[in-house]
Each structure stands twice: as structure tokens, then as C-alpha cells.
Amino acid sequence: MGPSIKASKIQWHQGIRMKEWSRLEEVFLQLKSNSNQMAILELHNEDDVERLEELQLQQADLRALANDLRLEMSTADLPKELVSLINECLEEEQGFVDKLYRLRMEYSNKIQEFRNAAITKQRYETNYSQTEGFFVDRQR
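Residues numbered from 1 in each chain as written. Predicted model: local features only at pLDDT ≥ 70, side-chain atom pairs only at ≥ 80, totals over all residues. Heavy atoms only, no water.

## Quick notes on the confidence of the model for the protein
- Put simply, the protein has an average pLDDT of 79, and 77% of its residues get 70 or more.
- Within the model, the stretch residues 6–13 combines pLDDT values under 50 with 2 contacts to residues more than four positions away or in other chains. (pLDDT = per-residue confidence, 0-100. Contact = heavy atoms within 4.5 Å.)

The following block contains the structure:
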């Protein structure tokens, strides 16, 4: 193989690799966009909860696609820009997981307050078996 054939073969491999990286980059940009959208949702709002479910389904599909693309790619190292984008996606998702954890703790505390109130009510509320009616004294 002459030098020009080797050079064209290398360029061809680099072109394929760039296309794969470009497709992978698109997937991660969409993942990042979805993570940003999830982060601004107000989860106290029912419409936002529905939107969250849609975004989570999209995230799962995008992750599967990213995994498939990565398996198709050669074992060559990813460009620094793509690694940086992947790390940004991970940070965004971790931030959202932290938000969900805080909400979970908030709701858990509220549920515990309701349980405590119910227990207190049961302890101090007197139960009457008959609160209204007549009493008839037969001995008179």
C-alpha cells in the first residue's frame, strides 16, 4: 500500500469516527436539553408531573441509543469536547436527582406530621358509645 492509499484510508476512518461522534454528540445534547427541562419543572403542578414522565421516557430512549452508538464505535478515545458534554449531562441529572430527593424528604416529613396528628387525635378524643338518647329509670 502506497502512502496515498494509507492516508485516504486514515481519512476515511476518521470521517466515519467523526460521524459516529457527531451522532453521539447529538444524543447527549438532547439528553442535556431534557435534563434542563426537567430541572425547571414545578413538581407540585400535575401538568409538570406528566411532562416529567414524558421527559423520563425520552431520557431512557436516548440513553439506550447512546449506548448502542457507543457499542458501534471503535474503541478509540472520545474527543475531549464529547467527554465534557457527557460530564455536563451527568451533572445536570445529578442535580435533578438531588431535587427529587429533597422533594421526597419534604413529602415524607409532611406525611409523618399527618400520622402524628392522627395519633394525637386518637389519644385525646373521647369516644362516646351513645351521645344522644333517653335514659329511663325503671325503679321509679
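## Looking at the side chain of Gln59
- Considering the arrangement of structural elements, one finds Gln59 in helix H2 (residues 46–72).
- Judged by its relative accessible area of 1%, Gln59 is buried.
- When neighbours within four sequence positions are excluded, Gln59 is seen to be in contact with Gln30, Leu31, Asn34, Ser35, Met38 and Glu93. (Helix = DSSP H or I, 4+ residues; strand = E, 2+ residues; numbered from the N terminus. Buried < 20%, exposed > 50% of the residue type's maximum accessible area, 1.4 Å probe, protein only.)

## Here we look at the nonpolar core
- Membership of the largest hydrophobic core comes to 13 residues, with the highest contact counts inside it found for Leu24, Val27, Phe28, Leu31, Leu78 and Leu82.
- Every element with two or more residues in this core is listed here: helix H1 (3–39), H2 and helix H3 (80–124).
- In terms of residues, this core owes the most to one element, H1, which gives 5 residues.
- Leu41, Leu43, Leu55 and Leu103 belong to the second largest nonpolar core, which has 7 residues in total. (Core = buried A, V, L, I, M, F, W, Y, C linked by side-chain atoms within 4.5 Å.)

## Quick look at the pattern of salt bridges
- Taken as a whole and assessed by the stated rule, the structure comprises 4 salt bridges.
- A salt bridge links Lys32 to Glu88; its shortest N-O distance comes to 2.4 Å. Of this pair, Lys32 sits in helix H1 while Glu88 is found in helix H3, placing the two residues 56 residues apart along the sequence.
- Relative accessible area serves as the criterion here: at 30%, Glu88 is assigned to the partly exposed category. (Salt bridge = Lys/Arg side-chain N within 4 Å of Asp/Glu carboxyl O.)

## Some details on the environment of Glu81
- In this fold, Glu81 is placed in helix H3.
- Distance in space between the C-alpha atoms of Glu81 and Glu25 is 9.0 Å, their sequence separation being 56 residues.

## Side note on a negative patch on the surface
- Residues Glu46, Asp47, Glu50 and Glu53 make up a contiguous surface patch of negative charge.
- Position of Glu53 among the secondary structure elements: in helix H2. (Patch = residues over 30% accessible without salt bridge, like charges linked within 9 Å, V, L, I, M, F, W, Y side chains within 5 Å. Areas by Shrake-Rupley, 256 points an atom, 1.4 Å probe, with all protein chains shown as cover. Lys, Arg positive; Asp, Glu negative; His and termini not counted. Charge placed at Lys NZ, Arg CZ, Asp CG, Glu CD.)

## Let's talk about H3
- Taking 1.5 Å per residue, 45 residues should reach 66 Å; H3 reaches 66 Å between its end C-alpha atoms and fits that length.
- Within the sequence span of H3, burial applies to Leu82, Leu85, Cys89, Phe96, Lys99 and Leu103. (Expected span 1.5 Å × (residues − 1).)

## Some details on the environment of Leu62
- Locating Leu62 in the fold gives a position in helix H2.
- C-alpha separation for the pair Leu62 and Leu24, spaced 38 residues apart in sequence, amounts to 9.8 Å.
- Apart from the residues lying within four places of it in its own chain, the contact partners of Leu62 are Val27, Gln30, Leu31 and Asn34.

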